[in-house]
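Overview (structure and organization)
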Amino acid sequence: MDYPGNLIVVAAPSGAGKSSLVKALLEIDARIQPSVSHTTRPPRGQEKHGREYFFVPDADFDAMVATDGFVEWAHVHGRRYGTSKKAIEDRIAQGADVILEIDFQGAMQIKKTFANAVLVFILPPSWEELRSRLERRGEDAPEVIELRLKNAAVEMAQAENFDFVIINELFDRAVFDLKTIVHAQRLKYLAQVRARADTFKSLHIL
Ligand code: GDP
Ligand code: ADP
Ligand code: 5GP
């Protein structure tokens, strides 16, 4: 499928810092838009419907699956999460860069549908640090943290299927790495031809 916008997929085990990094990237780069997923999990403290997620009952999620409303969806930590067609298709067709924060199963599905999508995996610097970030975040009950840590081992084994890996040790460095990956997508030949057609024409290479 050909489209002018870039699709950037970011995956990581829970607590590696994915949401914080994507939030920081959105603040420094106005040309990137977030894809807002649907989920059947309840909202955490400050989360708002339509901002972090569309929080929907199981029946609504079922209906969207049945009507082919998702480009990908998966079971994660005992809940369901999905990226709706609406969340991305119009935007990339119009040339926006869209960033998806999804799990590795969803990332693999996206790569099949959108061969040009760029897949980025975020790793924590160590197990100890991953645990302490989950505890420090203070958003999940202890048994939920244990489940997320158990799942982290499975998720991190998937890093080899991604295009890029960022180790989120120093936060600013990791934001810079993510920004660099986005920047590089915009420098690809076809992206430059689209963005700078006049220059290419004036140089007689179009
Ligand atoms: P590398 O460190 O050899 O990979 O070279 P780079 O060109 O990627 O970066 C050079 C240095 O500048 C690195 O230490 C970066 O962390 C730093 N750097 C460049 N731009 C930024 C930025 O916007 N934020 C931060 N925190 N560091 C930056
Ligand atoms: P995820 O979205 O991957 O589950 P979060 O973005 O919620 O992770 O980050 C988990 C916790 O770790 C948050 O409290 C966040 O502030 C903290 N954090 C993220 N990156 C770093 C970092 N480089 N150093 C220290 N703490 C971090
Ligand atoms: P959390 O509940 O911590 O926000 O997210 C839990 C996991 O679900 C994370 O790994 C996150 O990336 C993943 N996730 C969030 N939205 C989606 C989505 O739309 N599709 C898929 N496949 N995973 C998602």
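Residues numbered from 1 in each chain as written. Chains lettered and ligands numbered in written order. Predicted model: local features only at pLDDT ≥ 70, side-chain atom pairs only at ≥ 80, totals over all residues. Heavy atoms only, no water.

The protein chain appears in an unreviewed UniProt entry as Guanylate kinase from Pseudorhodoferax soli. The UniProt entry for the protein chain carries the following comment under Catalytic activity (unreviewed entry): "GMP + ATP = GDP + ADP". The record held by UniProt for the protein chain lists under Function (unreviewed entry) the comment "Essential for recycling GMP and indirectly, cGMP." (UniProt positions renumbered as here; feature names shortened; annotations may be inferred.)

**As for the site of ligand 3**
Within the structure, ligand 3 sits among 17 residues, and S37, R41, Y53, E72 and Y81 are positioned closest to it. Take G82: an N or O atom from its main chain is 3.0 Å from an oxygen atom of ligand 3. Protein coverage of the free-state accessible area of ligand 3, which is 510 Å², stands at 96%. For the shell around ligand 3, the class distribution of residues is 5 nonpolar, 5 polar and 7 charged. (Near = heavy atom within 4 Å. Polar contact = N/O pair within 3.5 Å; in protein donor to acceptor, adjacent residues only side chain to side chain. Areas by Shrake-Rupley, 256 points an atom, 1.4 Å probe, with all protein chains shown as cover. Nonpolar A, V, L, I, M, F, W, Y, C, P; charged D, E, K, R; others polar.)

**Considering the packing of helix α1 (residues 18-28) against helix α7 (residues 171-186)**
Across the interface, α1 lies against α7 with an axial gap of 10 Å and an inter-helix angle of 60 degrees. When the interaxial angle is binned, α1 and α7 end up oblique. Regarding α1 and α7, the two cross each other, and that crossing is right-handed. Here S20, L21, V22, A24, L25 and I28 of α1 lie close against α7, whose contacting residues are F171, A174, V175, L178, K179 and V182. (Axes fitted to C-alpha atoms, helices over the stretch in contact; angles between N-to-C directions. Helix = DSSP H or I, 4+ residues; strand = E, 2+ residues; numbered from the N terminus. Parallel < 35°, antiparallel > 145°, perpendicular 65-115°, else oblique. Left-handed = near helix turned anticlockwise from the far one by under 90°. Contact = heavy atoms within 4.5 Å.)

**Quick look at unusual backbone geometry**
Residues other than glycine seldom take positive phi values, yet D68 does so here, at roughly 65 degrees. Examined against the element boundaries, D68 turns out to sit in the loop between α2 (58-66) and β5 (70-76). The backbone of H204 shows a phi angle near 60 degrees, a positive value even though the residue is not glycine. As for its placement among the helices and strands, H204 is situated in the segment after α9 (197-202).

**Let's talk about the side chain of T83**
Its place among the elements puts T83 in strand β6 (residues 79-84). Accessibility expressed as a relative area gives 0% for T83, which makes it buried. Within the structure, the side chain of T83 is placed 2.5 Å from the side chain of E72, a separation counted as a polar contact. Once you skip the residues sitting within four places of it in the chain, T83 turns out to touch S35, S37, G69, F70, V71, E72, I88, L100 and I102. (Buried < 20%, exposed > 50% of the residue type's maximum accessible area, 1.4 Å probe, protein only.)

**Quick word on the site of ligand 1**
Within the structure, ligand 1 sits among D172, R173 and F176. R173 has a polar side-chain atom sitting 3.0 Å from an oxygen atom of ligand 1. Burial of ligand 1 by the protein chains amounts to 29% of its free accessible area of 560 Å².

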